[in-house]
Each structure stands twice: as structure tokens, then as C-alpha cells.
Amino acid sequence: MSPPLLGVEEEVQSSVSSPSVKCISENGMGLKERNYLGLSDCSSVDSSGVSSNLNLKATELRLGLPGSQSPERETELCLLNLGKLDEKPLFPLLPSKDGICSSSQKNVVTGNKRGFSDTMDGFSEVKGYVYTEKSWMFHEAGSDSESPQSVGHGKYPGNSGVNVILSTRSPGVQASVKQDEPANVLQEQPRATNGTSLKQTVISNNNTGAPAAKAQVVGWPPIRPFRTKTLAASSKNNDEVDGKPGPGALFVKVSMDGAPYLRKVDLRTYSTYQELSSALEKMFSCFTLGQCGSHGTAGKETLSESRLKDLLHGSEYVVTYKDKDGDWMLVGDVPWESQDVYRNVQEVENHEEL
Amino acid sequence: MNYFPDEVVEHVFDFITSHKDRNSVSLVCKSWYKIERYSRQRVFIGNCYSITPQRLIARFPGLKSLTLKGKPHFADFNLVPHDWGGFVDPWIKALAKSRIGLEELRLKRMVVSDDSLELLSKSFPNFKSLVLVSCEGFTTDGVAAIAANCRFLRELDLQENEVEDHRGHWLSCFPESCTSLVSLNFACLKGEINLASLERLVARSPNLKSLRLNRVVPLNTLQNLLMRAPQLVDLGIGSYVDDPSSEVFSKLKAVIQLCNSIRSLSGFLEVAPCCMSAIYPICENLTFLNLSYAPGLQGNDLTKLVQHCRKLQRLWILDCIGDKGLGVVASTCKELQELRVFPSDPFDAGNAAVTEEGLVLISAGCPKLNSLLYFCHQMTNAALITVAKNCTNFIRFRLCILDPVKADPVTNQPLDEGFGAIVRSNKSLKRLSLSGLLTDQVFLYIGMYAKKLEMLSIAFAGDSNKGMLYVLNGCKKLRKLEIRDCPFGDVALLEDMGKYETMRSLWMSSCEVTHGACKTLAKKMPSLNVEIINESEQLEFSLDDRLLVDKMYLYRTLVGHRKDKPEYVLLL
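On a predicted model such as this, the values are computed, not experimentally measured, just so you know.

Attention shifts here to unusual backbone geometry. Here the bond from A:Trp220 into A:Pro221 is cis, since omega is -5°, no more than 30 degrees from zero. Structurally, A:Pro221 is set in the loop between β4 (199-204) and α7 (225-242). Positive phi, normally seen in glycine, also occurs at B:Ser134, with a value near 50°. Along the chain, B:Ser134 falls in the loop between β4 (129-133) and β5 (136-139).

See the structure below:
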């Protein structure tokens, strides 16, 4: 997809400071990145992290951008030398395990990636059961297809928000990708390549408001994907029976640096990554028009069209509200029944954008 | 030496039905081997790559029923990549070419294609029963072929398969002449079906005992179906949503009262809790209740329902029933033998629906409990020790603490002592799954006490090779060992290589096994297939012996390397 979204993401990373992105921005707060796949660049992970308070930390999900070791890194995709990859035991909770950690500087080359192809075949990873019905992962018909690959996603239940990284990667970076997705089940499939390097960071508020982030590991908890998918579909239908959008609707906050307000998308309405990224592009197109070289000449015309048809409907003003994280959100993305909107509607002058 | 003619011996063998026993019988002498092999009708193959269809056909010409399992168990949790294998096609092709009069095919974790199903349906005139569990690769077109061509079909049982739904006309493919159905389970299909065809099919199937519907079958159709099939023993309800004051609902209530043969109830994929009261009359007779796919029922709905189920032997339920609800189960269901508690929200740490308390209550109230699958947020050693005191009949004990390395929250100790108590007091334990914070100590206990253990699943546990060695040395009956993310390495793997010939398979992923060790093992043990699943693009890296292997799957086999392995599998 389009490079500007990369740019968006980088800026989002550095500039968003709301609590919901604490996991990305909290570099200096002593949180350690843990790669539960056992792959991490040892140099980037402070081995003193293997400390007694790691019980919580070890289970916190920290998602880094592909190619980055920790949140503060450059978000450029970097091709890591596989030789630098080290394997650490998972959940090194006890100090005694430190010895195992640091002494085993092994080169892990094989098995860097784990069963991400599982998302490809529509079985969908266990963790993503909430998303499954209209999964915004790629559905890959065959394992060797050339469609863009899926992505890591993570879910932080709770008001700390969820960091979800959608990305496709080009073949060259696939080797490095895996190790950068700590505690995340979804791995992309190195064989099926040809994805464009599109990355977006999506920040979301979980509706349930449950507490701290939970690590998600491939294949854990050991529940058949069929079961989680069916449950998700059943939850969704049952909520529709009751007449309100239930936990099945997954609204995810999307921000773009420089935009005066954020948007929310219901991930369940998208069945492919392609759909989602086009939708996001359309959403933010009114803000990106005019940036040099970001869209390229080819895209300009479609953008002006979408700009004209923009939500703003020619008005100078849009209605926004401030949600619990303190972000300005465009009204209308989330169903009216949602608490968000009830409480926080405000009007904002939007004439700057036009 | 035989003092009896072969026919007499054969007649005696007819009474020996268990696979294990028949296998033993065949080993007694050549004569018995010969008699047994000609009279064998049912064969179970736990790993489809351990033997070829040709050899199977050659040995058992009288084969009527075949059970095949394909992918390793951890494939259920996305640890095995997509096209790893487990294709049923070569089996069906070989059987079709032969003179085998196949009547029953049961598959688990295999890849099935529409073409295979069609070939199956056309090659065996007496084909009666197809059971597919956790399979994939086929669409409703394949199912349609089975429906259309198997004239004497008795059983079509699709359990938890990934089926591409072509908006089924498949049900209409059952010919009007088909009246032999005994069991029809299509709960896992997601698409629409022709409801009128379904009603007609049920109406002309007087032997129908088991019917499990998918979610698109509405309540009024259910009512019609039950009217036509009051003899049902096993019912799976699809959608159970209606206005309790409606006429359809009152008719349903009346009809349900007549279905006093129902012993097994499942489904409720969509449910309006207020309608559940209609079910109460049949609850008294239920022996199996599966509400694990019914998230629409809340804790109190479940509790109210369970209070009516005094004869329940097997209960599968979601954890929203809560510890209190489990207490109600414990005081009501005194015949309970099997309990499975699934998480309704596996990734939500905050919602502690069931804890160790629920399990303790169950263990105290249900003395016949022998099979457990329990997902919870925490467990304590004290609770496990209490459970071990209360229940000594466990055959299967599978505990999954959602945080895989969580210690006892009260004492902050690992759960070694708790699991130790379980294996010590349950001498018949055949299957065990561990979770929580665990050191090598728990494996010492397992090796010492779990003498009948056949299957062990380990994740994020142990400190050193000793852990794995305790198990390999101590568990003489071990058949399947699956390990992920444990610090077990080459020393443990290579200590007793002959052991693996006594086992069906070993899975190790994200452990500390090196490539070199796997090569050594493969070289020394030609009767094992050692597969390295390597998903990295850089295949050449795999040649370095010191590199750690991410996923290794080894299994005993009589036929050497398989020919259908994908590129990313390295067969050593």
C-alpha cells in the first residue's frame, strides 16, 4: 500500500502520548520487551529484566514494529542479520534462569517463525477469537499465495488500550519480523511473500475496560480455533438478538499524526486487510492531501474525489468528542448507544483542514 | 498349536473387539496371526504416516471400518503450519482400487478434499458411516456427494471441521429413497440449508437417533423436526431464539415434553435465555449436556438449567458458570464423570470466572469424576491436593491455567506439589496436561507415580533436561509426549533413543534441541521419522548442527520417509 501510512505510523509512534499508547511510548518506564517466541535480540533486552518483578512484566504484551527491537527504535524496517538472533527461554522469571539466558547465546535461524500460516488458512489464531468472524487478517487460499501477509496483532484488554500492528512485509524483512513480535501469535509466513510494506499502528480502546495487558503467545491458551471462532460468532449474534452492539463489535481507534481528531473503525466489518487499509486511507485522505510525494501522482485523482465526498459534506465544522483517553474523536464512527458518545460530544472547528 | 478348527478360533476372536486385544492376539503365533488378520474388520491407525494404505489392505482384506488420525495434537493450537500433511486422498484412492468393502471411515485432523469424498461415495456400495473430526480442506460439495451417492448411509457426523460452505443444497442431495439415517450432525456448517428438505429427510428417517443442527435452523423448524422424530436420543439445537409468548414456542414446549428419549443435548449456538425453561422437562434424563458453544447463556441461566440435570454424567460448559455455579453442579450431579470447563474469554485476564474453588467443590461433590478439562485463571497447590484426596479415579486430567507460568497465588510456589498429589493418588491416570509454574520436581513425581500415563502435554515448564528424563525413564506406558517452550535439550532427547520406538510420537517445539541432535537421532533410529518443521526462508541455515530447532516432530513408522512432505519440512 502507500508509503505515507508508514509516515503516519512513525509520527503516531512518537507523538501520541495518551495513555492508550503507553505500551509503545513507555520506553523509559522500565518495561521490557519480551519475545515469547524465544527470539529476541539479546542486546536490546536488558538481561537484568530477569528480576523478581518480572512476573507481571513478563506477561505484558509489548509489540514492536517489525524490524524494531523496542518501541523507541526507528520504525524503519530493518533487515536484521539473522546471525544476531538469540534465543531466550520464555518467561525467564527466576533469577536462576538468568544463567540459562545469557549463556545460551544461540543462533536461532530455523524456527524463527512459528505457525503464522495458521492465520492464512482462515483457521485464525486462537488469540484473535474476538475478531475472527470478520477477520481483518488476510485470508489466504493457499499457503503459497502471494497476497500480503498477515500481521501481528495484540490485544490489551483494558483501558490501557490495545496496540495493534497491522503490517505486511516484504520477503526481505520477514526473517526479522518474527522476533519483533513479542508475545504475539501471529507470525507471517515467510514463504508467501510479496506483501507490500505497509504498516499502520492502530490504537484502540477495548470496550470492556478490563485491567492490564496480557501476553499472547502462539497456541496459548490451547483452544481449538474452531471453538474460539464459533464462540465469537455466537457472541456477536446473541448481542444482535439483544439489539445492541455487543462485545463482538471491535472498535479500534485510529490516529494519524497531525489530524485534529481520531477515528474509530469496527474491525469486524472488514474481512480482509485490503478492505481495512482502503477504508483507513479513505478516512484520512482529507488530511493527507497536499503532502508532497506521499501519494504519488497516480493516486491524486482518487484522493480528490474522496476528499470531496468526505464526511464533512462541505461543512466547515465537524462534531467531535473527547473520549476517556483524552483524544478527540470524530462523531459517528461508533454507534450512538456507546457510552463514549453520550458523554462527550463537542463541536470543533474544522476549517483548518479544508 | 490349534486344537480347534480355524472357524472356531475365529468365532472366539469375534468377541474380542478392543484394538489392543486383537493386536495382542495376533502376536501369539502364526496361526492366530493369520486367523486374526482375515477376521479383522475394524482397524485404528493413530498416525497415518506410520503405515501405507497398501500394507493395510494387504494385511486386512476383510477391513470394514478404518479410523485414521493425521496431524499431531498441537496442530489444534496453530503450532503446525498449514499444509503439513495428513492427506486422506491416497488412502481413499488405494482402498477404492482394492476389493475392500469399506463401510465406515473415521478421520481426525486430516486434510480431506471434495474429490476424495466423491471418490469415497462412489467406490463403496455398502458405505454406511462417515465421521470427520477437526478436518479441513473440503466444502459442502463433498458432503453433497456423500449424501447423494451413499445409498445406505447411516451416519454423517461432522464435528468441528473447517468446511467451506457453498450455501448447501447438499441436504437436498439425500435421495428420497434414503431412509437409513441414524445419525446426522452438521452443527459445524455455517451456511444456509433447505429447511423443507431437512424436515422431509427427518420425516423419512425412522431410525434417526442423533440429530445436531447448525445455527441457521430456527426454532420453528426445530419444533417441526421434534414432532417428526420424538425418538431422538441425541439432539443438537442450532438456534434457540424466540419470543416466549409466541405460539411456536408453546408448541415447542409441548413437543419437547414428548421427547423423553433424549439423553444428550448440545448446541444452543444462538439462544434466548428466557426460552430455556422449555428444556427443563428433558433435563431430568440427560446424561450428556454440552453448552460450551452457548455464550448467550449467563451464569444464572446455566445454574438454573443444571439444577434439573440430576443424572448428568458428562458436562461441557463455559466458565461463566462461575465457581458458585460449579458448586450447584457438585450438589446436583452426583453421577458426574466428565467435566469440561472452557473459557468464554481466553484473553481477558480480569474476568476470573472460575478458579480453584470451583474445582474443589466439584471434586468434593462428584465422587465418580474421572475426566477433567479445566480452564481457569489460577490454581493452588492446596486445591490440587484436596482434589487428589477427593478423586482417585482420574483417567484424564487436563488443567489449563490461562497464564501459562502462573504460580500458586497464595504461596507463590510452583504447582509441583499439587500435580504431584494428583498423579500419586490417581493410579489409573492415562492422560495429563500441565500448566502453571512448574519445575523439574513435577516431572520427578510424574516419572515416579504416573505409571499408566499414555499421553502427556507440557508447556512452559521445567528447569533442565532432568525434567524430560524423569518422564522418559519413569512413564513406561507413555505413547504420546508433546512439549512446547521448555528448557529440554539434546541430552534429554538422546539419552534413550529406543524409547521412541515404544511411543507413537514426540513433539518438541521451542525447546533447546539442536539440529545436530536430531540428525544423530534420525541416523541411529531408522524406524523413526524425524521431521524438522522449518518455516524460515533461509533453509540453508538449517544445516548448521548447533542451531536450535524450532519444531521437531518424530514418530515411529514402518514405511520410512513420507513422500508428501511440504518444502518447509526437513526429513532427516
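Next up on the list: the pairing of strand β20 (residues 505-509) of chain B. Residue and element names in this part refer to chain B. In terms of burial, β20 is largely enclosed, as five of its five residues are buried. Across five bridges, the pairing between strand β19 (residues 480-484) and β20 is parallel. When the bridges of β20 are listed, Ile483 appears paired with Met508. At this point the chain moves from β19, through helix α19 (residues 490-495), to the parallel β20, and the crossover so formed is right-handed. For β20 and strand β22 (residues 551-556), the ladder comprises five bridges, and the chain directions are antiparallel. Looking at the pairing, Leu506 lines up with Leu554 of β22.

Looking now at the environment of B:Leu171. Residues and elements named next belong to chain B. Relative to the helices and strands, Leu171 resides in the loop between β7 (162-164) and β8 (183-185). Taking C-alpha positions, Leu171 is 8.9 Å from Leu195, a pair spaced 24 residues apart along the chain. Once you skip the residues sitting within four places of it in the chain, Leu171 turns out to touch Leu184, Ile193, Asn194, Ser197, Leu198 and Leu201.

Our focus in this paragraph is the side chain of B:Thr332. Secondary-structure assignment places B:Thr332 in helix α13 (residues 322-332). Contacts of B:Thr332, omitting those with residues within four sequence positions, involve B:Val306, B:Gln307, B:Cys309 and B:Arg310.

For the rest of this paragraph, the subject is the nonpolar core. Counting 186 residues, the largest nonpolar core has B:Tyr240 and B:Ile446 as the members making the most contacts within it. Sequence-distant contacts of B:Ile446, defined by excluding residues within four places in its chain, comprise B:Val423, B:Leu432, B:Leu434, B:Leu453, B:Leu456, B:Val471 and B:Cys475. Core analysis: the next-biggest nonpolar cluster, separate from the first, contains 17 residues, A:Ile223, A:Leu231, B:Phe342 and B:Phe375 among them.

Our focus in this paragraph is the pattern of salt bridges. The tally for this structure, following the rule as stated, stands at 29 salt bridges over all chains. Residue B:Glu199 pairs with B:Arg228 through a salt bridge whose shortest N-O separation is 3.9 Å. You can see B:Glu199 sitting in helix α8 (residues 195-203) and its partner B:Arg228 sitting in helix α9 (residues 219-228), a full 29 residues away along the chain. Its relative accessible area of 15% is what places B:Glu199 among the buried residues. A salt bridge links B:Asp545 to B:Lys519, with the nearest nitrogen and oxygen atoms 2.8 Å apart. Within this pair, whereas B:Asp545 is found in the loop between β21 (528-533) and β22, its partner B:Lys519 is found in helix α20 (residues 515-524), the two being separated by 26 residues in sequence. When its relative accessible area of 32% is taken as the criterion, B:Lys519 is described as partly exposed. Here the salt bridges share partners, and the residues they tie into one network are A:Arg224, A:Arg227, B:Asp76, B:Arg109 and B:Glu160.

Residues and elements named next belong to chain B. Interhelical geometry of helix α6 (residues 114-123) versus helix α7 (residues 140-149) gives an angle of 5° and a closest axis separation of 8 Å. Between α6 and α7, the angle falls in the class roughly parallel. On α7, the residues touching Asp114, Leu117, Glu118, Leu120, Ser121 and Lys122 of α6 are Asp141, Gly142, Val143, Ala145, Ile146 and Asn149. A breakdown of the residues in the contact of α6 with α7 according to their chemical character gives five nonpolar, three polar and four charged.

Reading the values: rules and limits
Residues numbered from 1 in each chain as written. Chains lettered and ligands numbered in written order. Predicted model: local features only at pLDDT ≥ 70, side-chain atom pairs only at ≥ 80, totals over all residues. Heavy atoms only, no water. Helix = DSSP H or I, 4+ residues; strand = E, 2+ residues; numbered from the N terminus. Buried < 20%, exposed > 50% of the residue type's maximum accessible area, 1.4 Å probe, protein only. Pairing = 2+ DSSP bridges. Right-handed = clockwise from strand over helix to strand, strands pointing away. Contact = heavy atoms within 4.5 Å. Core = buried A, V, L, I, M, F, W, Y, C linked by side-chain atoms within 4.5 Å. Salt bridge = Lys/Arg side-chain N within 4 Å of Asp/Glu carboxyl O. Axes fitted to C-alpha atoms, helices over the stretch in contact; angles between N-to-C directions. Parallel < 35°, antiparallel > 145°, perpendicular 65-115°, else oblique. Nonpolar A, V, L, I, M, F, W, Y, C, P; charged D, E, K, R; others polar.

Interpretation in functional terms is not warranted from these geometric data alone.
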